[in-house]
Each structure stands twice: as C-alpha cells, then as structure tokens.
Amino acid sequence: MAKSRPPGQIHTTTEIHAVAVFCGSRTGNDPAYREAAQALGRGLAAAGIRLVYGGGRIGLMGVLADAALAAGGTVIGVIPEFLTRREVAHTGITEQIVTASMHSRKQHMFEAADAFVSLPGGLGTLDETIEIITWRQLGLHRKPVLICDVAGSAAPFLATIEAAIAAEFADPAARELYEVMDGVPAVLRRLAHLHRAARGEVTRL
C-alpha cells in the first residue's frame, strides 16, 4: 500500500464548496474501487459539497455520481461532445456541461472546483491528475490535490513521480504539491479540515 504523508503541506484560503473528482470510466477488478466511489459520493453529499466529475454514467464515474445523487447531493458533469456516447453521458445529474474538447473539459472542471480528488482509474485519470498537479507546480493555482489510495491503487502513480525525482527531472519539492490519503474517510476528513481552516476555525490538525 502507498504510504500517506502526514497532511499539512497543502493549505487553501478558499472554503471547500465543490470538489472535482477524477476516476475511471471502468470499475476495475477490485470491489474496493466501487465501494470507494460510492463512499466518496455519499460523503461529499453529506458534507454539502458539490461533486464535479467527468459526466459519464459508466464505470466509477457513474457509481460516484449515482451515490452522490442518491444521498441528495449536487452533481455537475463536464464531458466533451465526442465522448457523450463513448462514456455514455449521465442524463440524471443536476447539470451536464458539454464542451468542445478535452482541454475545455479540464478547464471547466478546474474553474468549478475548490479542490481535487483522484480515485483509481485509467490513462484519462492519470492524465487529469498529473496535469492538475503540474498546474499547481507552475503556480497556476493553490487548490488542494488529494490522491485517494484505495487498496494500494496509488502506488504505481507515486512510483512514477519518485522515479522522476530520482532521475533529477523533478525537484523533491514536487512531493508537496499533493497529499496521499489512505482511503475515502481520510479524504473526507481532510476536506472538512481544509474547509474549516479556510474559515479560520482551525489552525492546525
């Protein structure tokens, strides 16, 4: 299992009202992935946090959205027109935004979110996660990026970053651009803490 670093490196001055979640258009081969998506959807809804996601009805995306909706949450989907059929656009969510391209999809999700959570997924999820981390490295935002480790799912991703650091293509400070959380409960606790901190209600964990 990937090791979580103690939270605290990432700070935000923005209250957490909306979270963009990156996750797979497939459910994967471990029931823990589906369970995590369901738990995150329910947890965001219970916390009154809007879910912003890729707009699909299939895979972990659909599981996540359906769980949030069933719990009374607000769900915003963002999907490029050419993927509305491939990823089967969800027709039951609160709002579905159809974009012209993948690039505009990412920009819409970025603008709509106060924080980002990465669940297990495939190449698209990896792409979205690494890009939002890179944008943070470049100083384009200071929004929290939380990697949700589900049954060791984060280990390969983290190993890639560590390899780049070892080869001196990335600075060790890259590790401070994101936080690794051990499962959904840890993610929800961290989001709650960041929200309270932005309101000035707490100063430390």
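Preceding this section is the structure that the text describes.
These lines cover the structure that appears in this document, whether it is placed above or below. (Residues numbered from 1 in each chain as written. Predicted model: local features only at pLDDT ≥ 70, side-chain atom pairs only at ≥ 80, totals over all residues. Heavy atoms only, no water.)

1. Details of the overall build of the chain
Here comes step 1: A tally of helices and strands in the chain yields six helices and seven strands.
Here comes step 2: Sequence-ordered secondary structure for the chain, helices as α and strands as β, is β-α-β-α-β-β-α-β-α-β-α-β-α.
Here comes step 3: Along the longest, intermediate and shortest principal axes, the C-alpha atoms of the chain span 45 × 40 × 35 Å.
Here comes step 4: Looking at the chain residue by residue over its 205 residues, the buried ones come to 47%.
Here comes step 5: If you take every contact in the chain between residues at least 6 apart in sequence, the share linking residues at least 24 apart comes to 72%.
Here comes step 6: In the form shown here, the chain has an accessible surface area of approximately 9,900 Å², with 54% of it arising from carbon and sulfur atoms.
Here comes step 7: Between the mean site of the 20 positive side-chain charges and the mean site of the 20 negative ones, the chain shows a separation of 3 Å. (Helix = DSSP H or I, 4+ residues; strand = E, 2+ residues; numbered from the N terminus. Buried < 20%, exposed > 50% of the residue type's maximum accessible area, 1.4 Å probe, protein only. Contact = heavy atoms within 4.5 Å. Areas by Shrake-Rupley, 256 points an atom, 1.4 Å probe, with all protein chains shown as cover. Lys, Arg positive; Asp, Glu negative; His and termini not counted. Charge placed at Lys NZ, Arg CZ, Asp CG, Glu CD.)

2. With respect to unusual backbone geometry
Here comes step 1: Phi is positive for alanine 151, which is not a glycine, with a value near 55 degrees.
Here comes step 2: Mapped onto the elements of the fold, alanine 151 is located in the loop between β6 (145-149) and α5 (155-166).
Here comes step 3: Of note, the phi angle at glutamate 168 is positive, near 65 degrees, even though the residue is not glycine.
Here comes step 4: Looking at where glutamate 168 falls in the secondary structure, it is placed in the loop between α5 and β7 (179-182).
Here comes step 5: On the basis of relative accessible area, glutamate 168 is assigned to the exposed category, the value being 71%.

3. Quick notes on the sheet that holds strand β3 (residues 75-80)
Here comes step 1: The strand order across the open sheet formed by seven strands is β4-β3-β2-β1-β5-β6-β7, and the pairing between neighbours is parallel. The strands lining the two open edges of the sheet, one partner per strand, are β4 (95-99) and β7. Between one strand axis and the next, the sheet turns through 25 degrees on average, direction left out of account.
Here comes step 2: In this structure, strand β2 (residues 50-53) lies alongside β3, joined through three bridges in parallel fashion. Of the residues in β3, the one forming a bridge with tyrosine 53 is glycine 77. (Pairing = 2+ DSSP bridges. Axes fitted to C-alpha atoms, helices over the stretch in contact; angles between N-to-C directions.)

4. Examining the environment of proline 156
Here comes step 1: Its location among the elements puts proline 156 in helix α5.
Here comes step 2: With a relative accessible area of 54%, proline 156 lands in the exposed category.
Here comes step 3: For the pair formed by proline 156 and alanine 68, sequence separation is 88 residues and the distance between their alpha carbons is 28 Å.

5. A few points about helix α6 (residues 184-198)
Here comes step 1: The end-to-end C-alpha distance of α6, which contains 15 residues, comes to 21 Å, matching closely the 21 Å that a straight helix rising 1.5 Å per residue would cover.
Here comes step 2: Along α6, the residues classified as buried are Val184, Ala186, Val187, Arg190, Leu191, His193, Leu194 and His195.
Here comes step 3: At its buried positions, α6 is contacted by β1 (18-22), α1 (31-46), β5 (115-118), β6 and β7.
Here comes step 4: Of the residues one or two after α6, glycine 200 is the one with positive phi, at around 80 degrees. (Expected span 1.5 Å × (residues − 1).)

6. Details of the packing of α1 against α6
Here comes step 1: Remark: α1 packs on α6, axes separated minimally by 9 Å, with the N-to-C direction vectors making an angle of 25 degrees. Between α1 and α6, the angle falls in the class roughly parallel. The interaxial crossing formed by α1 with α6 has right-handed handedness. Contacts from Ala36, Ala39, Leu40, Gly43 and Leu44 in α1 reach Val184, Val187, Leu188 and Leu191 in α6.
Here comes step 2: Residue classes in the contact of α1 with α6 are distributed as eight nonpolar, one polar and no charged. (Parallel < 35°, antiparallel > 145°, perpendicular 65-115°, else oblique. Left-handed = near helix turned anticlockwise from the far one by under 90°. Nonpolar A, V, L, I, M, F, W, Y, C, P; charged D, E, K, R; others polar.)

7. A look at the pairing of β7
Here comes step 1: The pairing of β6 with β7 spans four bridges and is parallel. Note on β7: the bridge partner recorded for isoleucine 147 is valine 180.
Here comes step 2: Handedness of the crossover joining β6 and β7 through α5 is recorded here as right-handed. (Right-handed = clockwise from strand over helix to strand, strands pointing away.)

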